[in-house]
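# Descriptive structure summary
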Amino acid sequence: ELLILLKLVDNGLIDYRILYGSWAGAFGNFQFMPSTINNYAIDFNNDNFIDLKNTNDSYASAGNYLNKMGWKKNANCFTKIKLKPEIPKKYLNVSAKKLNNKKKLKFFKKYINNSSKLNTINENLTVAIITPDKDIVENADPLNPAYVVYDNYEIILKWNRSLRFALAVCTLKSKIENEL
C-alpha cells in the first residue's frame, strides 16, 4: 500500500500535503486504501488531481468503486424479516467475514414469519440470512433483528467487513433512489 501511495504521489495524482487519514492508511471521505485509490478513484472535476476529501471526486470515486465491484442499480440490499424459532442456527450469519449457508430464497421462506414481504423478490435468488446483534450486543435475541441479504449487500461487505456498516449503507441507498 505504501509503494502504491508513493507511486500515486510521484505521478502527481495525489498531493502528499493533504494525505492524512486513519491509522490503517485509509484516506478521504470514504476511507480508500491506496490500492483502492489506484484502481477506482476518479478525478471527477477534471483538475488533474484526485482529492478524496473533495465531494466531487470522493462521491464519483465511491460510485465507480461500487459499479466496478458489481453493484446492481435497481436491486435490493436486504429485507428485514421475522424468523421462526425452528430455523437451524447454521443458517444465521453473525460475522461479516464470509456469509455462509447461502440458499435460494424459496428455501428460507419456511423459516420466515413474514415471508409475504418477500413475494416481490425472485425466489430463485441465492441469499443469506444475517442476525447482526448476536456477537456484539450482550444478551441479544439470537433471532432478532434478522435480514435476508442480497448481492448488493455483499458488495458493501467487500468495502467494509461489518454487518452493521453494510446495513447502514444499504439503508442510505434506499433513501437516495436511483443515485447509484
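Conventions and cut-offs
Residues numbered from 1 in each chain as written. Predicted model: local features only at pLDDT ≥ 70, side-chain atom pairs only at ≥ 80, totals over all residues. Heavy atoms only, no water. Helix = DSSP H or I, 4+ residues; strand = E, 2+ residues; numbered from the N terminus. Buried < 20%, exposed > 50% of the residue type's maximum accessible area, 1.4 Å probe, protein only. Phe/Tyr/Trp six-rings, centres within 6.5 Å; stacked < 30°, edge-to-face > 60°. Lys NZ or Arg CZ within 6 Å of the ring centre and 35° of its normal.

Before going further, it helps to examine the environment of Ile-112. Examined against the element boundaries, Ile-112 turns out to sit in the loop between helix H4 (105-108) and strand S4 (126-130). Under the relative-accessibility criterion, Ile-112 is labelled buried at 2%. Each C-alpha atom, one on Ile-112 and one on Ile-81, is 6.6 Å from the other, the two residues being 31 residues apart in sequence.

Bringing the packing of aromatic side chains into the picture now. The full count for this structure, using the stated rule, is 12 aromatic pairs. Ring centres of Phe-107 and Phe-108 lie 5.4 Å apart, and the angle between their planes is 75°; on these two criteria the pair is classed as edge-to-face. For Phe-107, a relative accessible area of 25% translates into the label partly exposed. Phe-108 gets classed as buried once you look at its relative accessible area, which sits at 0%. Taken together, the ring pairs in this structure connect Phe-30, Phe-32, Tyr-40, Tyr-59, Tyr-65 and Trp-159 into an aromatic cluster. Here the guanidinium or amino end of Lys-103 rests over the ring plane of Phe-107, the centre of that ring lying 5.6 Å away.

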